[in-house]
Amino acid sequence: MTAHTPDPPLALLAELTHRCPLACPYCANPLELERASAELDPATWLRVLDEAAALGVLQVHFSGGEPCARRDLVELVARAAQNGLYSNLITSGVTLDAAGLARLTEAGLDHLQLSFQDSEHASADRIGGYRGGHRRKIEVAALVRAAGLPLTANFVVHRQNLERLPDMLALGEQIGASRIEIAHVQYYGWGLVNRAALMPTRAQLEAANAEVERARAALHGRITIDYVVPDYYAARPKACMGGWGRRIMNITPSGHALPCHAAETLPGLHFPFVTTTSLAAIWREDPCFARFRGTGWMPEPCASCDRREIDWGGCRCQAFALLGDAAATDPACALSPDHGVMAEAVAEAGGEGPDFVYRRIGAAAIA
Ligand code: SF4
Ligand code: FES
């Protein structure tokens, strides 16, 4: 590889659709959700999977919205398998049944990630905006294990459910997950809209950190626990997406190729479509993918910081959402001159907070 040719992406995040029966108030999809009529046709997705494998991608994550809403999902999983791509289905599970799972398994699905909103039925259904959803997920987890698929249980945590973290970890163990992901809400898109209702208190965060450490020790060797902490309480930012344009390519339902799921919020960047440009050309040559790749774009204090090739300056979308400047140091970093905006948001944390603004197609007016 020359200095100008980036290594291939490790993973393709295929956002097949924004349609979803749930309405979580921290959804990572954009505020302006794409309608079914704008979605890529099956033939284009099949070509994208071929191009991904040829580019050197190793994993494909089928996500959404709810990827099971796509009628061609089995065909896409089969094509991924034919291409030697490791496939992961990221699903709410509520529309899956045994026959559907059997078709996906026969097609070569490698792994399934099931999202949970809480450990307790009423709260989970309220947060997801879908009555009966939690009960259905537990049934689906049993089907997944019966089908012999490895299962990750994903719990998104925030002020309104963190007190039940021990129960969430117990539920993950009970349903036979080999991996449990505890992910604090990330505050952009719908999460930012609902920040005042979701932001944990520092006491909650400290209790959660201790609980995760306890569970890691107790489950060592049996269940892996991934833990994503909230930027707002961090002293240094996360390496968002493993660095812009370094490890992951994200394709939206309509075929926009992005370095991360929120990149369309950034002004002045016109991301290419997979309908007109090959994945290889996008990854290697597109100026939007190159815009924040590496360290050459960095301002101080990042430019001379010894962590610049560890966190890659943090999250561009968070810098834009909170500071109006996508090229600024992520304010999650304590070295950022703008770190104070995080403290202001943390000061909001407490009490019941406002009602949720639920994610709905056609609800973008709140943006
Ligand atoms: Fe990361 Fe920049 Fe902060 Fe250094 S100054 S820790 S590179 S965000
Ligand atoms: Fe876009 Fe972090 S979500 S760079």
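Whatever comes next refers back to the structure up there.
Description of the structure in this document. Just so it is clear, the structure is predicted and the values come from calculations on it, not from any experiment. (Residues numbered from 1 in each chain as written. Chains lettered and ligands numbered in written order. Predicted model: local features only at pLDDT ≥ 70, side-chain atom pairs only at ≥ 80, totals over all residues. Heavy atoms only, no water.)

Our focus in this paragraph is the packing of aromatic side chains. One pair of aromatic rings is described through two measures. These are the centre distance and the angle between the planes. Going through the model one piece at a time under the given rule, you end up with eight aromatic pairs. With 5.1 Å between their ring centres and 90° between their planes, Trp 244 and Phe 292 make a pair best called edge-to-face. Residue Trp 244 is located in the loop between β7 (224-228) and β8 (248-251), and its partner Phe 292 is located in the loop between α11 (287-291) and α12 (316-323); the two are separated by 48 residues in the primary sequence. Taking the relative accessible area as the measure of exposure, Trp 244 reaches 8% and is therefore buried. Classification of Phe 292 as buried rests on a relative accessible area of 4%. What links up through ring pairs into an aromatic cluster is the set Trp 244, Phe 271, Trp 283, Phe 289, Phe 292 and Trp 297. Above the ring of Phe 116, the side-chain terminus of Lys 137 is found at 5.9 Å from the ring centroid. If you follow Arg 316 out to its NZ or CZ, it ends over the ring of Phe 292, 6.0 Å from the centre. (Phe/Tyr/Trp six-rings, centres within 6.5 Å; stacked < 30°, edge-to-face > 60°. Helix = DSSP H or I, 4+ residues; strand = E, 2+ residues; numbered from the N terminus. Buried < 20%, exposed > 50% of the residue type's maximum accessible area, 1.4 Å probe, protein only. Lys NZ or Arg CZ within 6 Å of the ring centre and 35° of its normal.)

With that settled, consider the environment of Arg 136. Following the sequence through the fold, Arg 136 ends up in helix α5 (residues 133-146). When the C-alpha atoms of Arg 136 and Ser 92 are compared, they prove to be 9.5 Å apart, with 44 residues separating the residues in sequence. Among the polar contacts listed, one links the side chain of Arg 136 to the side chain of Glu 139, at a separation of 2.6 Å. (Polar contact = N/O pair within 3.5 Å; in protein donor to acceptor, adjacent residues only side chain to side chain.)

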